[in-house]
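Secondary and tertiary structure notes
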Amino acid sequence: MSKLPLPPGTPGLPVIGESAKLTSARFLPWVQQHYARFGPVWHTRMLLPTRVPQSFEIAMLVGPAAHRWAMVEHWRDLSWHTGYEFLNPFFESGILNSDEEEHAAAVKAVAPVFNSNYTEVYLRTVLSLCEQQLALWGTQGTRLLRDDLRLITLGSIERILFETDMEENQQRQFNTLWMTFIAGLAQMPWQRTYRQALRAKRAIDQILAALIVHEQTLLSQGQPRTNVIASLLRAREYGAYRLTDAGVMSHIRMLAFAGHETTSSTLEWLIVYLARDPALQSQVRVATNAFLRYATPRHQDLASSLVDAVIMEVMRLHPMFLMLRGVTKDLEFNGYRIPQGWMVMLSPFAAHRLPEVFPEPEHFDHTRFLAPQQVPPYAMIAFGEGKRSCPGSHLAWTMIKLVLAKILQFYDLTLDPATSLTYSSDPPPVAYQSRA
Ligand code: HEM
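Figured I'd write up the structure that's included with this text. From a predicted model like this one, the values you see are computed outputs, not experimental measurements.

**A closer look at helix 7 (residues 168-183)**
Between its first and last C-alpha atoms helix 7 spans 23 Å; for 16 residues at 1.5 Å apiece the expected length is 22 Å, and the two agree. Looking at helix 7, one finds that the buried residues are Leu-177, Trp-178, Phe-181 and Ile-182. What you see down the axis of helix 7 is that its buried residues fit within an arc of 125 degrees, all on one side. Turned more than 90 degrees away from the buried face of helix 7 sit Glu-168, Asn-169, Arg-172 and Thr-176, all of them exposed.

**Some points on the sheet that holds strand 9 (residues 411-414)**
Spatial ordering of the open sheet is given by 4-10-9, a layout of three strands whose pairing is antiparallel. A strand with exactly one partner marks an edge of an open sheet, and here the two such strands are strand 4 (140-143) and strand 9. Between one strand axis and the next, the sheet turns through 20 degrees on average, direction left out of account. With four bridges connecting them, strand 9 and strand 10 (residues 430-434) associate as antiparallel partners. Bridge pairing in strand 10 places Leu-413 opposite Tyr-432. Contacts between helix 10 (residues 245-276) and the sheet are confined to strand 9 and strand 10, with strand 9 contributing the most and set at about 80 degrees to the helix.

**Some remarks on the site of the ligand**
Not every one of the 22 residues close to the ligand is listed here, only the nearest: Gly-259, Thr-262, Gly-384, Cys-390 and Gly-392. At the level of secondary structure, the elements contributing two or more residues to the shell around the ligand comprise helix 10 and helix 14 (393-410). Take the shell around the ligand: its biggest share by element is six residues, from helix 10.

**Remarks on helix 2 (residues 64-73)**
Turning to helix 2, its buried residues are Ala-66, His-67, Trp-69, Ala-70 and Met-71. Axial view of helix 2: buried residues confined to an arc of 160 degrees, hence all on one face.

**Observations regarding the sheet that holds strand 2 (residues 54-61)**
Think of a sheet as strands paired side by side through backbone hydrogen bonds, with each pair either parallel or antiparallel. Reading across the sheet, the five strands line up as 1-2-8-5-3 and stay open at both edges, with mixed pairing between neighbours. Looking along the sheet, the strands with just one partner apiece sit at the ends: strand 1 (41-48) and strand 3 (78-79). Summarising the sheet, strand 2 and strand 8 (residues 343-346) pair through four bridges and their orientation is parallel. The residue of strand 8 that forms the bridge with Leu-61 is Leu-346. Those strands touched by helix 2 are strand 1, strand 2, strand 3, strand 5 (323-327) and strand 8, and its axis lies near 130 degrees from that of strand 8.

**Focus on the environment of Ile-95**
Along the chain, Ile-95 falls in the loop between helix 3 (80-83) and helix 4 (100-110). For Ile-95, a count of 23 C-beta atoms within 10 Å puts it in the buried group.

**Considering unusual backbone geometry**
If you check the backbone angles, Val-15 has positive phi at about 65 degrees while not being a glycine. Mapped onto the elements, Val-15 comes out in the segment before helix 1 (24-38). Positive phi values are uncommon outside glycine, yet Glu-360 reaches one of about 45 degrees. Along the chain, the position of Glu-360 falls in the loop between helix 13 (348-351) and helix 14. Since 9 C-beta atoms lie within 10 Å of it, Glu-360 is described here as exposed.

**Points about the packing of helix 10 against helix 12 (residues 305-317)**
Pairs of packed helices are described in terms of their axes, by the angle between the two and the distance that separates them. Look at helix 10 against helix 12: their axes get within 9 Å of each other, and the N-to-C directions meet at 110 degrees. With respect to helix 12, the axis of helix 10 lies roughly perpendicular. Relative to helix 12, the crossing made by helix 10 is right-handed. Residues Thr-266, Trp-269, Leu-270 and Tyr-273 of helix 10 touch helix 12, and the partners they reach there are Val-310, Ile-311, Val-314 and Met-315.

The rules behind each value
For every chain, the first residue of the written sequence is number 1, and numbering continues from 1 along that sequence. It should be noted that, the model being predicted, local features are given only for residues of pLDDT at least 70 and side-chain atom pairs only at 80 or more, the latter also being counted only at that level, while totals for whole chains, interfaces and linings use all residues. Segments assigned H or I by DSSP are reported as helices when at least four residues long, segments assigned E as strands when at least two residues long, and all are numbered from the N terminus. To estimate how far a helix should extend, the number of its residues minus one is multiplied by 1.5 Å. We call a residue exposed when 12 or fewer other C-beta atoms sit within 10 Å of its C-beta, buried when the count reaches 20 or more, and partly exposed for counts in between; the C-beta positions come from the backbone. Within this analysis, the arc is defined by the directions that extend from the helix axis to the C-beta atoms. The pairing criterion for strands is at least two bridges between them, as found by DSSP. Each axis is a line fitted through C-alpha atoms, and for a helix only the stretch in contact is used; angles between axes span 0 to 180 degrees, taken between their N-to-C directions. The contact criterion used is a C-beta to C-beta distance within 7 Å, with each C-beta placed from the backbone. Should the C-beta atom of a residue, placed from the backbone, lie within 6 Å of a molecule or strand, that residue is near it. Reported orientations rely on four angle classes, namely roughly parallel under 35 degrees, roughly antiparallel over 145, roughly perpendicular from 65 to 115, and oblique for the rest. Left-handed describes a crossing whose near helix is turned anticlockwise from the far helix by less than a right angle; the clockwise case is right-handed.

Now the structure itself:
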């Protein structure tokens, strides 16, 4: 192994290396040029947002074979704790930023979130939050949907996590804290948003501590509770795992973070693409109206290959930007040595735009996913792959489909035809007109 060459590349100056490429406008052209020149692996160097910002030697891996190598064949040799070190001040032993036994314990602790008893309650919550939020829209207008969608996704996740009725003002303050917390996580420690996120974390924990006491009281009175704090507390009582109050809070913070922004941003793009294409919007509406044929939909009512394909195409174009892993021992990929101590960097955002895998990658074409055999295995990694793929994908699909169904039931959506959507655009505002 030690005789193998290091991957080729243009790692650049000491310390800073190619960090300047990490912006949404410059990253993709950089990946495409390097992929064309070096193939699926190259060496780069970047300053990453660790607690003490540090320069890392990085193996950039792109494409289905590289994904399979990192996510299926060598996942045990790579460390999420080192890769997502920047998350460690925010989540002490969270499921995403831990490895081995610590990760196994976290998986076991949060497993109830993904249990079907919760998802039924959750379907009703998503619908009622959606109705509340849409009631504020009026009959027509133009709006940036981000905040509305964030409130719906956050509220839905909160329902599963702690099932509590807060007074409106208190709820608003709590939501602001979550958004401040999430907005600062991937920032450099000297940035104001990072310090604000740490302050928000302390304030969130005070509220969570009170919720833990509240749940303990209700549980001791024998009240039926269907929320994650309650199930973590019950499991702790029966001695299934040692979980402190701080551990409960860390899991709750991690789930709110992992499940909220990802889902609302997928929804926001989904609505933008449908607003741009009225014909597709009408076809999708026929399918999503059927989702709502019963007052309380069940999972089996949400099946539609068309809607699935449209959502997949949105997730192809707007997935997670980067995934990071620490290399725990010398490894080999494609004839090159990837040394212990390096980082492995994967980018769903860039990999989903490889023209040989997804022809005309910037063109929105949901039909790619109507014939799934057209998409090679491990090409699409919007939810990750292998043992550590996203455990919340099912919840996310449900939430996305229900919110979409409600919006299309009430409104026709349009997008200003002059709006251009490029890989570095932010989602634009969408115009809506009541269908009533
Ligand atoms: C459209 C919405 C979502 C997307 C695109 C998404 C994407 C992902 C991806 C790509 C990963 C793997 C990260 C990596 O390997 O580095 C992941 C992990 C994870 N996701 Fe999601 N996710 C979504 C929704 C959710 C929801 C709703 C929840 C739960 C409430 C959730 C909880 C998690 C957790 C706990 C992990 C860590 C799993 C582990 O490391 O074992 N996600 N997600």
